[in-house]
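Residue strings, one per chain:
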Amino acid sequence: MEERILKKTAIFIAAVSLAVCLALPFFPRLKTASGEFLTAVKEYRTKTKAERLDMTGLELMAYHMEQTAKEMGEAPSFPSQIRLELPFGVSGGDLEVVREDIAQKITIRIPYAGEDYMYEYPMLGSGESIENLSYKYEKNYGILEFLMEQVYEPDVGYDEDYFYLDFLSPQELYNNVVVIDAGHGGSETGTVKQGICEKDINLDIVIRLKEMFDASKEPVGVYYTRTTDENPNSEQRMRLAEKTGADFVISVHNNATESGRMSSIQGTLAIYAEDEKEGEFSSGHLAQICLEEVTAAAGSSNKGIRPGKKEEKILYGTIPAVIIEAGFMTNETELGNLCTREYQGKIAKGIYNAVMRAFEEGY
Ligand SMILES: [Zn+2]
């Protein structure tokens, strides 16, 4: 009985191999895959598909590395950390790469990569710096998700058969790194005055600032906790600062009187961590720089610097951080100004100048 099954399997494998060999001249693209195909047949004997289905993405990649090394008699080499095989008929330019810095995640969307992509097209590379690797298939796209140990920017390239992926750290790419945080977001509106939400003004200022950094040629890496109306929690915001290895964080907010009533009080204020008032590269000194630059650029009145409460968590991470309260939403004139693109641009220019001055001073 067993012998019969073995015999049938052997005949089947022989028939498939023969079919592939005969078909090769007609499908030149398959030629490069024939080696992998035979490897796949051999792998099938080493580990059952069920066993491979149980593996995590990283284990599967390590397994494919091992098998390929055995096959070739040496470790496979290519000029990047990860090498993906392109599905039949797909060009490297068709792949979409998306970075989500707040989650330290890089996603690659591969058209026409089916449910078995990870098994049919062995991905090779090293799992270094990758915390988790997963694959799913959705609406004609294979979706590969790399959860990284820190923030990396993907560096990609491709040829006819493969897509290559490297991960570059902010420090490899830039001389200086800053995290910009737009306060509140999503369901957390911050102050609301006359139907205007603080979260929206904060974001508008950060978008103006992003436009300036994007246009700048300075070797400064800027990472944002949000650029849309969403609300990462304070742990995620602080983690971004740590995972980018940022030199400091600037959090953009707007103020209100304690009672919340409209008043004549107006102006810009900067907040630092309580125990960091003085000293070189302290949050306190950074707050002073921010205050001077923003009031100079926007022409707002100077409300000074003050220590922040423990609840203002972003201040109490491991690196210098400042909250800028750009203006008072409880002041009629200032609220009007804060809603204009022009004034938002002035606040943003002040923050931009503060970042550059802080880096010049050695932060
Ligand atoms: Zn706020």
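Rules behind the numbers
Residues numbered from 1 in each chain as written. Predicted model: local features only at pLDDT ≥ 70, side-chain atom pairs only at ≥ 80, totals over all residues. Heavy atoms only, no water. Helix = DSSP H or I, 4+ residues; strand = E, 2+ residues; numbered from the N terminus. Contact = heavy atoms within 4.5 Å. Areas by Shrake-Rupley, 256 points an atom, 1.4 Å probe, with all protein chains shown as cover. Donors = N, O, S within 2.8 Å, 3.2 Å for Na, K, Ca; no water. Buried < 20%, exposed > 50% of the residue type's maximum accessible area, 1.4 Å probe, protein only. Pairing = 2+ DSSP bridges. Right-handed = clockwise from strand over helix to strand, strands pointing away. Salt bridge = Lys/Arg side-chain N within 4 Å of Asp/Glu carboxyl O.

(A) Broad picture of the overall build of the protein chain. Check the secondary structure of the protein chain and you find 11 helices and 16 strands. Taking all contacts inside the protein chain whose residues are at least 6 apart in sequence as the whole, residues at least 24 apart take part in 70%. Accessible area for the protein chain stands at about 18,300 Å²; split by element, carbon and sulfur atoms hold 51% of it.

(B) Structural view of the coordination of the zinc ion. Taken together, His184 (NE2), Glu198 (OE) and His253 (ND1) make up the protein donors of the zinc ion, found 2.1 to 2.2 Å from the metal. If you list the donors of the zinc ion from N- to C-terminus, the spacing comes out as H-x13-E-x54-H. Note that histidine 184 is positioned in the loop between strand E9 (176-182) and strand E10 (192-193) and histidine 253 in strand E13 (residues 248-255), a separation of 69 residues in sequence. In terms of burial, histidine 184 and histidine 253 fall into one category: buried.

(C) Seen up close, the pairing of strand E15 (residues 302-308). Two strands pair when backbone bridges link them, and strand E14 (residues 268-273) and E15 are joined in this way by five bridges, in the parallel orientation. Bridge assignment links alanine 270 to a residue of E15, and that residue is isoleucine 305. Between E14 and its parallel partner E15, the chain crosses via helix H9 (residues 283-298), and the hand of that crossover is right-handed.

(D) Focus on unusual backbone geometry. The phi torsion at histidine 184 lies on the positive side, around 60°, for a residue other than glycine. Given the relative accessible area of 16%, histidine 184 is considered buried. For phenylalanine 281, which is not a glycine, the phi torsion comes out positive at approximately 60°. Along the polypeptide, phenylalanine 281 turns up in the loop between E14 and H9.

(E) Representation of the pattern of salt bridges within the structure. Enumeration according to the criterion identifies 16 salt bridges in this entry. We note a salt bridge from glutamate 211 to arginine 208, for which the minimum N-O separation is 3.6 Å. Residue glutamate 211 and its partner arginine 208 are both found in helix H7 (residues 198-215); the two are separated by three residues, about one turn of the helix. On the basis of relative accessibility, which here comes to 11%, the residue arginine 208 falls in the buried class. Where glutamate 361 meets arginine 357, a salt bridge forms, and the shortest distance between an N and an O atom there is 3.5 Å. Its relative accessible area of 23% is what places arginine 357 among the partly exposed residues. Among the charged side chains, a network of salt bridges with common partners joins Glu292, Glu293, Arg357 and Glu361.

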